[in-house]
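Below, each chain spelled out in residue letters.
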Amino acid sequence: MELIQSCISDGKIPDYKKLVLHNQLIICRPSDFRETFGIQPEVGASVILKVFDGKHSDNMQFEIATILDENKIGNNGDKIDMLLLSVDSMKKISDSNLTYQYVIRVENDFEQQAEKEIEQILAEKSAFGCCHPFGCDCSK
């Protein structure tokens, strides 16, 4: 959250409840957004995104809450996607687990212990035949 706060260009990051209640999103890389959707992002503007959940597609309306300044992102581009939605907004889009990355921070003294525990979780999930490390509804 600190990284996102430090990169704000326009608007402010609302609290989580407001983000969900008003179906808001954060534009993190405005040039990519403009190129992908052909829309110049502006705080307060509504955008309609066509969402496909693997079975059917829906048009969903979102309000732009905040726009980040790409120049402030620097070499953190791998940590910031084109746009960010709340987990609750993503659940409205799909019943699937849409989380593709977890960031786990530990002090250096606990790094080996954390790696060991993560490997144990992955091994247990793998033993149950699940292809997703943090659970899912699949039978793979």
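Keep in mind the model is a prediction, meaning the values are calculated, not measured. (Residues numbered from 1 in each chain as written. Predicted model: local features only at pLDDT ≥ 70, side-chain atom pairs only at ≥ 80, totals over all residues. Heavy atoms only, no water.)

(A) Summary view of the nonpolar core. Core analysis: the largest hydrophobic core is formed by 13 residues, its most contacted members being Leu25, Ile27, Val47, Phe62, Ile64 and Ile93. Elements with a minimum of two residues in this core: strand 2 (24-27), strand 3 (46-52) and strand 4 (57-68). The element best represented in this core is strand 4, accounting for four residues. (Core = buried A, V, L, I, M, F, W, Y, C linked by side-chain atoms within 4.5 Å. Buried < 20%, exposed > 50% of the residue type's maximum accessible area, 1.4 Å probe, protein only. Helix = DSSP H or I, 4+ residues; strand = E, 2+ residues; numbered from the N terminus.)

(B) Spatial organisation of the side chain of Ser89. Assignment of secondary structure puts Ser89 in helix 5 (residues 87-93). A polar atom in the side chain of Ser89 sits 2.9 Å from the side chain of Ser86. Excluding residues that lie within four positions of it along the chain, Ser89 makes contacts with Leu19, Val20 and Asn23. (Polar contact = N/O pair within 3.5 Å; in protein donor to acceptor, adjacent residues only side chain to side chain. Contact = heavy atoms within 4.5 Å.)

(C) Representation of the pairing of strand 4. In this structure, strand 2 lies alongside strand 4, joined through four bridges in parallel fashion. Note on strand 4: the bridge partner recorded for Leu25 is Ile64. Where strand 3 lies against strand 4, seven bridges are found, and the strand directions are antiparallel. In the strand pairing of strand 4, Phe52 is matched with Ser57. (Pairing = 2+ DSSP bridges.)

(D) Highlighting the environment of Gln61. Positionally, Gln61 belongs in strand 4. In this structure Gln61 comes out as partly exposed when scored by relative accessible area, which is 47%. Counting along the chain gives 13 residues from Gln61 to Ile48, while the straight-line C-alpha distance between them is 4.4 Å. Those residues in contact with Gln61, other than ones at most four positions away along the chain, are Asn23, Ser46, Val47 and Ile48. Side chain to side chain, Gln61 and Ser46 meet in a polar contact 3.2 Å long.

(E) A look at the packing of aromatic side chains. Under the criterion given, the structure shown has one aromatic pair. Arranged with centres 4.8 Å apart and planes meeting at 45 degrees, the rings of Phe33 and Phe37 form a pair that is tilted. Residue Phe33 and its partner Phe37 are both found in helix 3 (residues 30-37); the two are separated by four residues, about one turn of the helix. (Phe/Tyr/Trp six-rings, centres within 6.5 Å; stacked < 30°, edge-to-face > 60°.)

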